[in-house]
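# Tertiary structure, described
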Amino acid sequence: MPPGVNEIQFNPESPWVKQIIKTGGRPGDWYGWPYTRVTDQNSEYNGQLVIGADGYPIIPQPLSNNYLIGNAYPDWTGGLGSTLAYKGITFSFMFNFRRGGDVFDIPKTQRFSTGIGAETQIRDTQVIFKGVKNIGTPEAPIYAPNDKQVVIDQLFYANSFPYKLAPENNGFQDASWIRLQNVSLSYELPKSWLNKSFIKSASISATANNLWLSTPFIGFDPEASAYGAGSNSVGYVGTGVPTTRSIFLGLNVNF
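Residue positions are counted from 1 within each chain, in the order its sequence is given. Where local features are concerned, this predicted model is filtered to residues with pLDDT of at least 70; where side-chain atom pairs are given and counted, the filter is 80 or more; whole-chain, interface and lining totals use all residues. Note: side-chain values were computed over all heavy atoms of the structure, leaving out hydrogens and water.

## Re the pairing of strand 14 (residues 177-188)
Rules: Strands are labelled as partners when DSSP assigns at least two bridges between them. The way it works is that DSSP assigns letters per residue, a run of H or I at least four long becomes a helix, a run of E at least two long becomes a strand, and they are numbered from the N terminus.
Strand direction decides the pairing type here: strand 7 (residues 89-99) and strand 14, joined by 10 bridges, are antiparallel. When the bridges of strand 14 are listed, I89 appears paired with Y187. Examined bridge by bridge, strand 14 and strand 15 (residues 201-214) share 10 bridges and lie antiparallel to one another. Counted as the bridge partner of N182 is N209 from strand 15.

## Quick notes on the packing of aromatic side chains
Here a ring pair, both rings aromatic, is described through the centre-centre distance and the interplanar angle of the planes. Heads up, the condition is: Between rings of Phe, Tyr and Trp, where Trp is taken as its six-membered ring, a pair exists when centres lie within 6.5 Å; planes separated by under 30 degrees are stacked, by over 60 edge-to-face, and by other angles tilted. Each residue is placed in one exposure class: buried if its accessible area under a 1.4 Å probe, protein chains only, is under 20% of its type's maximum, exposed if it is over 50%, and partly exposed if it falls in between.
Inspection of every chain in the model, using the stated rule, returns 8 aromatic pairs. An angle of 70° between the planes, with centres 5.1 Å apart, marks the rings of W30 and Y236 as edge-to-face. Note that W30 is positioned in strand 3 (residues 29-32) and Y236 in strand 16 (residues 236-237), a separation of 206 residues in sequence. Given the relative accessible area of 0%, W30 is considered buried. Look at Y236 and you get buried, because its relative accessible area is 1%. Considering the side-chain rings of F104 and Y236, the 6.2 Å spacing of their centres and the 85° angle between planes classify their relative orientation as edge-to-face. Placement of F104 in strand 8 (residues 102-105) and of Y236 in strand 16 is noted, with a sequence separation of 132 residues between them.

Below is the structure:
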């Protein structure tokens, strides 16, 4: 860090999550405001959401306090591939792997606000958020199952600022994936087929890219960055063109 600078904030274009590099942290660290949950290891409700008096999950206050919620860089990446050949037939494949790393899907916040996402299909309905309420005091909490009904309507998705702040809702998610990056199959025609022709050798092939993807990410493509390769902001996705599937047929002839 430069002298006198304790932290640098990258691309704070969205209030939902932001990347901050600070002394003792790592590049790619995400900061936000996750829902408040029970943290008492001895409580039967440990890990459950804490619901406020208004019936909605609680966001930590004040918002000037940033909470570390993840990192944009993966824990590890890898690949597995092979090429097999037998009697003129050649088959090859390549799998790519990514484990860990969190991304921010920008369009998900827009889907919440506009109501076009499947996440907003529950409208004008009374619901009870699954979690617990504190029937004790802030200093000595006593938890009981939440039983307060609230209405989920258009205003909830469009204007419920605290609800959209929580990374559980606003597009922040795990970007782990397994991708079948490439498959290729080729066949070299036997030379006996070509003895009486002016062709020295020939082969036919089929190649496919990006055939299959398995990921917990809900969106277009967890690998499609919203910024260019030269950007120092990583993990923002959703505004670029998703990786497409392509299939090629080939004919190679030597005279």
